[in-house]
Amino acid sequence: MCQLLGLNSSLPAGLGPFFDVFAERGGRTDEHKDGWGIAFHSGKRCRLFTDHRAAIDSPLAARIRRRPLRARNILAHIRKATQGRIALENSHPFARRLWDQTWSFAHNGDLKGFAPPAGLYRPQGDTDSEAAFCHLLSRLAQRFPHGAPAPQLLRAAMAELAAEIAAHGTFNFLLSNGDTLFAHCSTNLHYRLAAGKAIVATQPVDDTSGWTAFAPGELKAFGQGLLRG
C-alpha cells in the first residue's frame, strides 16, 4: 500500500531530511513507485505538486529536495497502486475547496465495494481514495451548509464519517484545511511532537525516540504543532 507523511507546525517549516527519507521509499528503499505528490498549505493558499512517476525518478521531486518549500501544513504521499490506473489524476494528494478553504487529502489503504452516491464533489480519476475524499467533503458540506462548524463539532463529524468509510477496508489518511491536520488510522500510523511541530507518518522517518503509534480506528487533530485531540 501507499505511505503518508504530514507536518503541522506553529510556524512555516519544511520537511527537511524527512522528505529525503520518504522520497527514497518511492522506488529505491521500498516499493511505492506508482506516483507521488505533496501539498503545501499557507493560510488559505495551497500549492499542490503531483507526478505519476516514482519519486526517485521524478524531476519534480528532485527540485523540491533541492529547494524545499515551507508551510504550516504539508501532506506528502507515495503511491503503490491498489485501485486505479497509474496516472497523474490518480496521484495523491487531492485538493478541493470547502467553506472558503482548500482541503488536501492523501490515503493509504484499499476500500472494497465502496460506491458512494453522487455528491457535491466528483472524482476526476478512478481511485477509491479520491472517491472517499469527495464523499467525505460532500457529507461535511451537507451537514454544515452554513460554513465551518466549531472545531470540536468538525472533529466529531470527521470521526463518524471516517468510521463509516473504514467499514469498507483500510482507511489511513491525512487531511488538512491549512489550519488543522487531521490523521486517521486504520492499521498503521505514527506521530511525534517536537519544537512546535507535529510529524505524522505511516512509518517513522528517523530513528529518534518519541514516535507514538495510533490506535486502530483513531482520529487525531493537530494544530499549531500540538495535538488537539
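Going along each chain's sequence as written, the residues are numbered from 1 onward. Whole-chain, interface and lining totals are the exception, using all residues; otherwise, since this is a predicted model, local features are given only for residues with pLDDT of at least 70 and side-chain atom pairs are given and counted only at 80 or more. In computing side-chain properties, one takes all heavy atoms of the structure into account and sets aside hydrogens as well as water.

Identification of the chain as Class II glutamine amidotransferase from [Empedobacter] haloabium is taken from an unreviewed UniProt entry.

Turning our attention to the sheet that holds strand 13 (residues 226–227). Strands pair, by our definition, only if DSSP identifies at least two bridges between them. To qualify as a helix, a DSSP run of H or I must reach at least 4 residues; to qualify as a strand, a run of E must reach at least 2; elements of each kind are numbered from the N terminus. Reading across the sheet, the six strands line up as 5-6-7-8-12-13 and stay open at both edges, with antiparallel pairing between neighbours. At either margin of the open sheet sits one strand with a lone partner, and together these are strand 5 (94–98) and strand 13. Pairing geometry for strand 12 (residues 219–223) and strand 13, over two bridges, is antiparallel. Bridging from a neighbouring strand, F222 pairs with L227 of strand 13. What makes two residues a contact is simply this: any of their non-hydrogen atoms within 4.5 Å. Axis definition: a line fit to C-alpha positions, over the contact stretch in the case of helices; interaxial angles, taken between N-to-C directions, run 0 to 180 degrees. Each of strand 5, strand 6 (101–111) and strand 7 (169–176) is contacted by helix 3 (residues 128–143), which is oriented at about 10° to strand 5, the strand it contacts most.

In this section: the environment of A118. Inspection of the secondary structure assignment puts A118 in the loop between strand 6 and helix 3. Here the term buried applies to any residue with accessible area under 20% of the maximum for its type, exposed to any over 50%, and partly exposed to those in between, with areas from a 1.4 Å probe on protein chains only. The exposure class assigned to A118 is exposed, which follows from its relative accessible area of 63%. In this structure, the C-alpha to C-alpha distance between A118 and S138, residues 20 residues apart in sequence, is 8.9 Å.

Buried residues dominate strand 6, accounting for 11 of its 11 residues. Taking every second residue as pointing to the same face, both faces of strand 6 are buried, with Q101, W103, F105, H107, G109 and L111 on one and T102, S104, A106, N108 and D110 on the other. Looking at chain direction, strand 5 and strand 6 are connected through five bridges and run antiparallel. Paired with R97 across the strands is T102, a residue of strand 6. The antiparallel hairpin formed by strand 5 and strand 6 contains two residues in its connecting segment, where W99 sits at a positive phi of about 55°. Relative to strand 7, strand 6 runs antiparallel, the two sharing eight bridges.

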